[in-house]
Amino acid sequence: MAAESTEEKTNKENTKVDIEQQLGETVGEQFTKEQKFSLRNVDVFYADNHAINDISMDIAPNEVVAFIGPSGCGKSTFLRVLNRMNDTIDICRVSGDIRLDGEDIYDKKMDPVLLRARVGMVFQKPNPFPKSIYDNVAYGPKLHGLASSRAELDDIVRTSLKRAGLLKEVENRLDEPGTGLSGGQQQRLCIARTIAVSPEVILMDEPASALDPIATAIIEELIDELRENYTIAIVTHSMQQAARISQRTAYFHLGKLVEMGPTEKIFTNPDHTLTENYITGRFG
Amino acid sequence: MNNNTEIIKQTLAKRYAKERRFRALGMVSVFLGLMFLLVLLVGILFKATPAFTQHYLSVDMNYDASSLGVGNNPTVSELEGANYRGLIRNTLYEQFPEVTKRQDKRELGALISGSAEYQIRDALLANPALLNTNTRVQVLLDDDVDTYLKNNTHSGRVSEQQIAWIQKLEDSGAVERSFNRNLFTNGDSREPESAGLLGATMGSLYALTICLLVSFPIGVMAAIYLEEFAPKNRWVDLIEININNLAAVPSIVFGLLGLAVFLNFFGMPRSAPLVGGLVLALLTLPTIIIASRSAIKSVPPSIREAALGLGASKMQTVFQHVVPLAMPGILTGAIIGSARALGEAAPLLMIGMVAFIVDVPQGFTDPSTVLPIQIFLWADSPERAFIAMTSAATIVLLVFLICMNGLAIWLRKRFEKQW
Ligand SMILES: Nc1ncnc2c1ncn2[C@@H]1O[C@H](COP(=O)(O)OP(=O)(O)OP(=O)(O)O)[C@@H](O)[C@H]1O
Ligand SMILES: [Mg+2]
C-alpha cells in the first residue's frame, strides 16, 4: 500500500509539471462581436496570492456563460470581479480593464451600489437574511423602490418565488424565517431574492449545488427563460449542467483562463489537453 | 481497520475519563461560586432585616391649643411655629405622672423620635380642625430605643429608667413593630429612624439616565464607525489600543477628569446627577464600544454580502442588517457597563456627590447622592441602627442590579435571531 501511494505521488507531481508547461495563452474564442461585459487583462490578488492571472474575455448580451474548473481555480473570485463584490475584501486587489456596456466599472465615477443593482449575484453559500421569507425576497424591490403598492410587492415576491420553484413549498409560511429553510430551499430563496430586482446581468455561483434533480431542472428552466432578457454567468461543477444550459463555456485552471468557446465545442472537441482532461474526468 | 478500532477503543476510555473529570471540576466550581454568593446574600439579608421594620408608639394626642402655645383660631404661620415638641412631651408626661424631675423628664422625652414633631405638625397643618381634639396617632420611637427593642440587649445608650418606661408602654400594648416605610420614602437623615434611600435611589436613576443617554449613542456610533467604516491603518489601530486601555483605567481617574473638566472648566453644579452621569458615561464608554465592536464583528460577513449584492449601500447594509443582528450584544454591553456605573462610588466622590443631602432630588441639577455612596455614608455613621440600614441599602442596590441584568437578558431574548 505504501509503495503504491508513493507512486501515485510522483505521478501527481509529473502532471503538475506538465500543467505549468501547458498553461499558456488562452485558446478558443473568448471574444464576441457584441459585448455586455468586456474584460481585458484582469488580475486579482489576495495579498500575495495571485488568484486571477491575466484573463481577457467578453460576455455577450442574452447569453449564458458557464465557468468551469477545478476547486480553487478562481471561478468565484472572477465572478465577484464582475459586480465589484471583491471591494468588500480588504486584502483583495483587482486590476485590468472591465467594462459593462462600454463603461469602466472600476472607474471612480461608477457607483458600486448602482452596479450591484444592475449586476445581481447568487452566492456560493446560501445567505438568506434572518428575516421572514417574504422580507427576504421583498428587500431588494423595496430598496430600489420597484413596487408602488403592497399588492405590487406581493406580486413581485410571489412571482420570484414561483420562478425559483420555491413558492409551493413556502406558500403558507411566508412569514417564517428564511434561515429556517433547508439548504436547498435557502439556495432557491436566494435565487428568488436576486431575480426579484430584475438585474441586467445575473451572476450565479453554483446555484444548484444543494438541489435535487427536480429543483435543478426548475432552476435550469428559469435560467433558460431569463436568457431572453438577461445575461447570465454561472459557475458550476456539473459538466452536464454546463452543457445543458450554457451557450459558451470557459475553463479555468490555477487562476488562468485555459480555454473558452461554444459549449458544444468545449464538451465535444476541446482544443486544449487540460480542458479535455477535465471534462473527461481525468482529474480535477 | 481492526487495528484502528482497537486503538480507538483504548483512547476512548481515556477520553471519557477526561470528560468526566472536567465535568466534575466544572460542577465543583459552580457549586463553590454559588456557595460564596449564598453566604454573601444570606449574611447581608440577615444583617439587614432589622432595618425593614421599626417600632412605633401609639399615643392619644390631644392637640391642645395651650400646650401648643397658640390661640384657638391660629393662622397658618402661627401653626407652623407652634411648640409641637412641648405637645408631645406633655402627652408623655401625662402617661407617667410620677416623673417629675427635670432630668428624668428629658430622658422620658428622648424615647420619641425627633421626627415626631414634624409628623404632628404636618398632620395639623393638613387638617387644622384637629385643634383641641383628641386623636390616636402613631409616632416613631427613637432609634436607640428601637435598637434596644430589636436586640433586647443593653447597649448603654438607653438607661434603666427608660427601659422600665418602655416595658410599661409595651405592656399596655402601645408599642407596635411595623414595616419601615421611611426607608423607601425619605431622603437621608442624621436620625436613623427617619433616614431613607429615596434620595439616593433617585440620584442613581438620574445619573444613570444621563450616563446612558450620553454613552449609549456615542459608544454604539463609535463602534459602528470603527468596525464598518474606518480605514484599516495605524491611526485606527492606535485608537483601538487606547480604547482598550481606557477600559482598564481606575475609575477614580475619571472622577478627577470630571472634576477638572465639568466642574472647574465648564462650571457645572457640584453634587449634581448631571455631572455624575457625565463622569459615569466616560467610564462606561469604553465598555460599550468594546462590547458593541465584538457584537458587530460576530455578525457573519455573508449577511453583509447578501445586502451589498442586492444593491444596498454600505449605510443601509449596516443599519438594516448588521446593527439589528448585533443589537443583543450591544445591549448586553450597555447594560453591563451601566450596571458597573451604578455600583461606582469612587469617581463620584471626586465631584462632590458625597455631601449629606436630605432633600430628594427633583431634577438633574439638584444636589444628590447615589446608592453606593449612601452605603458608604451610612457605614461611616456612628449610630448603631445604621449598621442594619447599610445592609438594607446594599440589598436595594443589589435588587437594582438584578433588575438591570434581568432587563439585559430579556432584551437579549427579544432581539436574538438565529441565522
Ligand atoms: N476571501 C479570500 N481571502 C483570501 N484568499 C481567497 C479568498 N477567497 C478566495 N481566495 C483564494 O483565491 C483562490 C481562488 O478561490 P475561489 O474561491 O475563487 O475558487 P473557486 O474556483 O470558486 O473554488 P470552488 O469551486 O471550490 O468554489 C483560492 O486559492 C483561494 O484560497
Ligand atoms: Mg467558488
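Up top is the structure.
Residues numbered from 1 in each chain as written. Chains lettered and ligands numbered in written order. Predicted model: local features only at pLDDT ≥ 70, side-chain atom pairs only at ≥ 80, totals over all residues. Heavy atoms only, no water.

### So, the sheet that holds strand β2 (residues 134-140) of chain B
Residue and element names in this part refer to chain B. Rule in force here: Each pair of strands is called paired provided DSSP finds at least two bridges between the two strands. Helix and strand labels come from DSSP, where a helix needs a run of H or I of at least four residues and a strand needs a run of E of at least two; each type is numbered from the N terminus. Lines are fitted to the C-alpha atoms to define the axes, a helix being fitted only along its stretch in contact, and any angle between axes, read from their N-to-C directions, falls within 0 to 180 degrees.
Taken in spatial order, the three strands of this open sheet run β2-β1-β3, and their pairing is antiparallel. Only two strands of the sheet have a single neighbouring strand rather than two, namely β2 and β3 (175-179). Strand-to-strand twist of the sheet, defined as the mean angle between neighbouring strand axes without regard to direction, takes the value 40°.

### Examining the packing of aromatic side chains
Quick note on the threshold: A pair of aromatic rings is counted whenever rings of Phe, Tyr or Trp (Trp by its six-membered ring) have centres within 6.5 Å, and the orientation is called stacked for planes under 30 degrees apart, edge-to-face for over 60 and tilted otherwise. A 1.4 Å probe rolled over the protein chains alone gives each residue an accessible area, and that area as a share of the maximum for its type sets the label: buried under 20%, exposed over 50%, partly exposed in between.
Applying the stated criterion across every chain, the model contains 11 aromatic pairs over all chains. When the ring of F129 of chain A is compared with that of Y139 of chain A, the centres are 5.2 Å apart and the planes differ by 70°; the resulting orientation is edge-to-face. With F129 of chain A in the loop between β7 (119-122) and α4 (133-143) and Y139 of chain A in helix α4, the pair connects residues that are 10 residues apart, well separated along the chain. Of the residues examined, F129 of chain A reaches a relative accessible area of 0% and is grouped as buried. Note on Y139 of chain A: relative accessible area 9%, which makes it buried. Relative to F184 of chain B, the ring of F179 of chain B lies with its centre 5.9 Å away and its plane at 10°, an arrangement referred to as stacked. Relative accessible area serves as the criterion here: at 37%, F184 of chain B is assigned to the partly exposed category. Cluster of aromatic residues (ring-pair linked, three or more members): F67, F78 and F252 of chain A.

### Quick look at the sheet that holds strand β4 (residues 64-68) of chain A
Residues and elements named next belong to chain A. To keep it simple, the criterion reads: Whether two residues are in contact is decided by their heavy atoms: any pair within 4.5 Å suffices.
Strand order in this open sheet of seven strands is β1-β11-β10-β4-β9-β8-β7, and the pairing throughout is mixed. Two strands bound the open sheet, and with one partner strand each, they are β1 (27-28) and β7. One ladder, built from six bridges, connects strand β10 (residues 248-253) with strand β11 (residues 256-262); its direction is antiparallel. Within β11, the position partnered with H253 by the bridge is K256. Helix-sheet contacts for helix α7 (residues 183-195) involve β7 and β8 (201-205), and the interaxial angle to β7 is about 175°.

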